[in-house]
Structure formats: structure tokens, C-alpha cells
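Working through the structure, step by step
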Protein chains: 2
Amino acid sequence: MRKSRTFEDVIAQIEQRIADDGLTVGDRLPGERQLAEQLQVGRSSVREALRVLETLGVITSQAGRGPDAGAVLISRPESALADLLRLHLGTASLALPEVIDTRLMIEQWAVQHVDAPEAMEVMRSALDSMEAAASFEEFVDHDVTFHMGVALLSGNRLLAATMRALRQTIHAYSVSAVRTAGRTDVLMADHWRIYELVGARDGQGAARAVADHLAHAYPSLTGEGPARSGDPA
Amino acid sequence: MRKSRTFEDVIAQIEQRIADDGLTVGDRLPGERQLAEQLQVGRSSVREALRVLETLGVITSQAGRGPDAGAVLISRPESALADLLRLHLGTASLALPEVIDTRLMIEQWAVQHVDAPEAMEVMRSALDSMEAAASFEEFVDHDVTFHMGVALLSGNRLLAATMRALRQTIHAYSVSAVRTAGRTDVLMADHWRIYELVGARDGQGAARAVADHLAHAYPSLTGEGPARSGDPA
DNA sequence: ACCATAGTATGGTCTGACCATATGAGGAAG
DNA sequence: CTTCCTCATATGGTCAGACCATACTATGGT
């Protein structure tokens, strides 16, 4: 059993306060000094707790004065997920194929469990922007939007956040992949096919189209199976 | 554009050092005071940076002296994911059905993309333990192990970590669900069916079995969430 | 009514001190 | 020589106080 540290208590108490007061996105927390006095701890402990919450995408901090200053509750899980992926890729405790596989899983699931068809509008306008893109970077940016739209089809915010984090993580890789290919017509055809099949409510067909698309987008990783390794229990 | 804070620079530099030196799990970082002097920043900034890295499951800190003291690189993405889910559920920016759906997605994917069949041994021994469980808590504990085994079938560490975090998040819910049901025979039959179908390499059948199982385990959420749309697969 | 300025509350950082913990060295006892 | 105890020491954890940068807010002059 590990003795709990002060800042962990602070996190727990802030969490409790959020639950008790029913705080949601947009609400404000007391200032650091005030919080420290209320909880009878040092300001540094409060700061470390807030830092953790900020890392997890639950709050954001803004200096100065006024309604937007201080710690404000937000909902930005994707930034935490993106940091998570980046760091664990850095320490080799996660490999790119595993990330790509996860992306495939989410998109296939989303097109087969459409619960928010209005996301198709996002996909549609992204497609138009991609057609008009003047650079590979711009093309990839709208490509990200398109695939965010795909994830949004599920109506599941956790999947959407994960998708955003995934794309953020592999962004550089995506750009270089498109640049290497040098052409976008194949990818565009894939996108249109996915869009049409989703519109036709052909989930299985769309899932196949998604798989084909990712195979085109990441030729070097196809069939490469995720890196194996024992899981430290 | 936002001015970068000191501790963010520290994170970046530590990250850079990890990349340059090829540090992996088990390696140690310099002490807080030493790091502060090297980077010419205050110790508090170093501490906030380390706190972020700890939150993301990349390092762990241990006081005292010796080889295990100080900041050691680890790989524990599941704790970060679990914190993430818990907090965002708390602020109502995420709902339980979304989490359950994600779990279904991962398990269905895993049984259809088996890349590490040795995980079946984990499933098997978990089943034996479940049969012998003396309490609902114990039953659920081994149930978690079984479903971790399912996730491990994919050979994808990201999915395994996510599954562990999901189960941790819904643990209390799982226990109360089993307790309310008062019987475990239906659930055990589901588990055996999944195990058999995976063993027979019947991915689609196993996927159906997983869906049936979750419907049994979370009756109150079935049909409630984003899950809609006919999915014969 | 408008604008410039000072005031002030907030987060961000640094310094130095002290506490808690766990190892490792060195001496005392057997 | 071995064993055990004690103490020095290195490390993270916490606190207090100070100062800076920022951005709103009130004040007062025009």
C-alpha cells in the first residue's frame, strides 16, 4: 500500500466537488491560493493537482482576471490521448502499426454503427475541400476532417476523441505518405466510395472500403501485424 | 499563439532526451534537483513536468536511494486512460453507454483479428478461476482477466491498455450488475461460448457471442446507447 | 462619452527550507 | 568473520514567501 500524496488528495477533493456541485464544462474552479487555503495545503500541491487535471484535458488555466481567468472546466480528452500516444511511441512501448490498426477498427465500427448521420455533412464538405486543396498539407488537413466525420458517425464521443488523437499522432506520417505517393486521385476515389456506401447505409461495404483505403494510405504497414510483446500485468 | 510555459519546455527536453538516448522502460532519469540545474529552471517546473509524465503513465517516482529511486521510465498507459475516463464521466462530457460500446468494439475486433493466440491461456485460466469464485467481487475480478485475455488476442498493446482502463472504470458497475442478477451461470455460458469459438477460429461467431454476452451483462444499457443499425456481423 | 492610467487578482516561476523515506556505509556485538 | 544496528545521505514531497507577467477593472481626466 502506498501512502497517498498531498496533491492526490487535492485531485480527489476537486473531483468530489465537481461531482457534488454538478460542475460541467464552462464552470470555474476557485483560484489556486484560495483552493490551497480551503484545503489546508500548500499552493504547490494545488498546482500539481491542477497540472494533472489539465494534462487529462479536464481543465484549462488562464492568467489575468475576469470570468475566463483561473481554472475552467473543459472537455478535451483528445489532447491527453495524443500526448499519451506520442510519449509511449517515444519509449517504444507502443508501435505505429498498433495505432493504425486501432484507427481501422474505429472507422470500421463507425460506418457499421451509424447513430449520427448528420456527420455526413462534415464528410461531404471535407471532400469538397480536399478536391480544392492546393498542397499536400492542406489535403491531409481536410482528410483528417473527413475521417473525424467518419468517427462522428458513431455518435460516440470517446471514439471521436480517440480518432482525433490518432490523426494528430500520425500527422507527419500521413503527410509524408501522401507526398511520397505524389497523387491523390486514388485516395479521393476511396473517400467518395466510403461516403457513398455510408449514405446507402451499406455498413459492411463501407467497412471494406475503409480497409481498402487504409491499405492504400499506409502501404508499408499493410499486413505488417501489430508488434507483439508480452503485456506486463 | 500561446507562450509556452517553462514546464512544457522541460517536458519537451525530457522527451528529446528519451529519444536521443533511446531510453526505454526501466531506465532512470536524473534527479529533480540535477535536472533543474541542467535545464536552468526551478525545481518546481521540473516537478510539474514530471507530474505530467507520471500522469501519462510514462514514469514513476520513488523516494529514497538506490537504483529504484528517482524517476524511472515505465509503460502504464492504462492508468492514464482510466483517469481520463473517470474524470470525463464525472463532468458529463462522456457517458457510460459510450464506454460500453467501445468495449464491445474492442472485443469484437480482437476475436476477429487474432494475432496472439497464446492469450487463450489467460482466458482459460480465468474461466477456471471464475468457476471457483466464492464471491461476486472475485467473480468479476477473474471476469476482468478473461476479457483482458480477449483484448490480448489482438496482440495490440493499445487495445489491451484501453480494455484494462475500461474495466477499471466500470468496475463498480460490473459488480453491482452481477450482484443484481444474482446468478452467474448465463454469464459463464457466454464466456465458454466465446472461448470455444475463438479456439475454433470462428471470428464472426465469436463476435456475435461477445455482443450477446455484453447484452446479458448490461441489460439496462442495451439498445439505450448509440448502438443501432442492423449488424449481422 | 471616451480614453489613458493605475490598481489588482490571477497564474507562472524561483528560492530555500524542512520533512519523509529508503538505501548504503560503517561500526558494534556476537 | 558474520550479523545486526545506527547514522549519514540522496531522493522525492511539501510548504512558505517572494516576485514576475498577464489581463481585466475601476478610476479619473479630457
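Scroll up for the structure.
Please read all numbers here as calculations on a predicted model, not as lab measurements. (Residues numbered from 1 in each chain as written. Chains lettered and ligands numbered in written order. Predicted model: local features only at pLDDT ≥ 70, side-chain atom pairs only at ≥ 80, totals over all residues. Heavy atoms only, no water.)

Another aspect to go through is the layout of surface pockets. In this model, the largest pocket occupies a volume close to 590 Å³. As for the largest pocket, its lining consists of 24 residues, of which A:Glu54, A:Thr55, A:Ser79, A:Asp83 and B:Glu8 are closest to the centre. Broken down by secondary-structure element, the contributors of at least two residues to the lining of the largest pocket are α3 (43–55), β1 (59–62), α4 (77–90) and α8 (157–169) of chain A together with α1 (6–21) of chain B. Classifying every residue of the lining of the largest pocket gives nine nonpolar, six polar and nine charged. (1 Å grid on protein atoms, 1.4 Å probe; cavity = no way out; pocket = protein on both sides within 12 Å on 5 of 7 lines; lining within 4 Å. Points joined across faces, edges and corners; volume = space filled by probe spheres on them. Helix = DSSP H or I, 4+ residues; strand = E, 2+ residues; numbered from the N terminus. Nonpolar A, V, L, I, M, F, W, Y, C, P; charged D, E, K, R; others polar.)

Right, let's talk about the protein's contact with DNA strand D for a bit. Around DNA strand D, the surrounding shell holds 25 residues, and the nearest of these are A:Arg5, A:Thr6, A:Gly42, A:Ser45 and A:Arg65. Backbone atoms, meaning sugar plus phosphate, form 72% of the atoms of DNA strand D positioned within 4 Å of the protein. Taking A:Gly42, its main chain carries an N or O atom lying 2.8 Å from a phosphate oxygen of DNA strand D. At 3.1 Å, a side-chain N or O of B:Arg33 approaches a base nitrogen of DNA strand D. (Near = heavy atom within 4 Å. Polar contact = N/O pair within 3.5 Å; in protein donor to acceptor, adjacent residues only side chain to side chain.)

With respect to the secondary-structure elements, B:Ser75 resides in the loop between β2 (70–73) and α4 (77–90). Among the polar contacts listed, one links the side chain of B:Ser75 to the side chain of A:Ser93, at a separation of 3.2 Å. Those residues in contact with B:Ser75, other than ones at most four positions away along the chain, are A:His88, A:Ser93, B:Val25 and B:Gly57. (Contact = heavy atoms within 4.5 Å.)

Next up on the list: empty space enclosed by the protein. Evaluation of the coordinates by the stated rule reveals four cavities of 30 Å³ or more. Here the largest cavity defines a volume of roughly 220 Å³. A:Leu81, A:Thr162, B:Leu81, B:Leu158 and B:Thr162 are, among the 21 residues lining the largest cavity, the residues nearest its centre. Broken down by secondary-structure element, the contributors of at least two residues to the lining of the largest cavity are α4, α5 (96–112) and α8 of chain A together with α4, α5 (96–112) and α8 (157–169) of chain B. A per-class count over the lining of the largest cavity returns 17 nonpolar, four polar and no charged.

The subject of this paragraph is the pattern of salt bridges. Here the idea is simple: oppositely charged side chains can pair when their charged atoms come close. This structure, assessed with the given rule, holds 32 salt bridges over all chains. The salt bridge partner of B:Arg51 is A:Glu48, with a shortest N-O separation of 2.8 Å. Taken as a pair, B:Arg51 in helix α3 (residues 43–55) and A:Glu48 in helix α3 lie in two separate chains rather than in one. The exposure classification of B:Arg51 matches that of A:Glu48, with both residues buried. On the basis of relative accessible area, B:Arg51 is assigned to the buried category, the value being 4%. (Salt bridge = Lys/Arg side-chain N within 4 Å of Asp/Glu carboxyl O. Buried < 20%, exposed > 50% of the residue type's maximum accessible area, 1.4 Å probe, protein only.)

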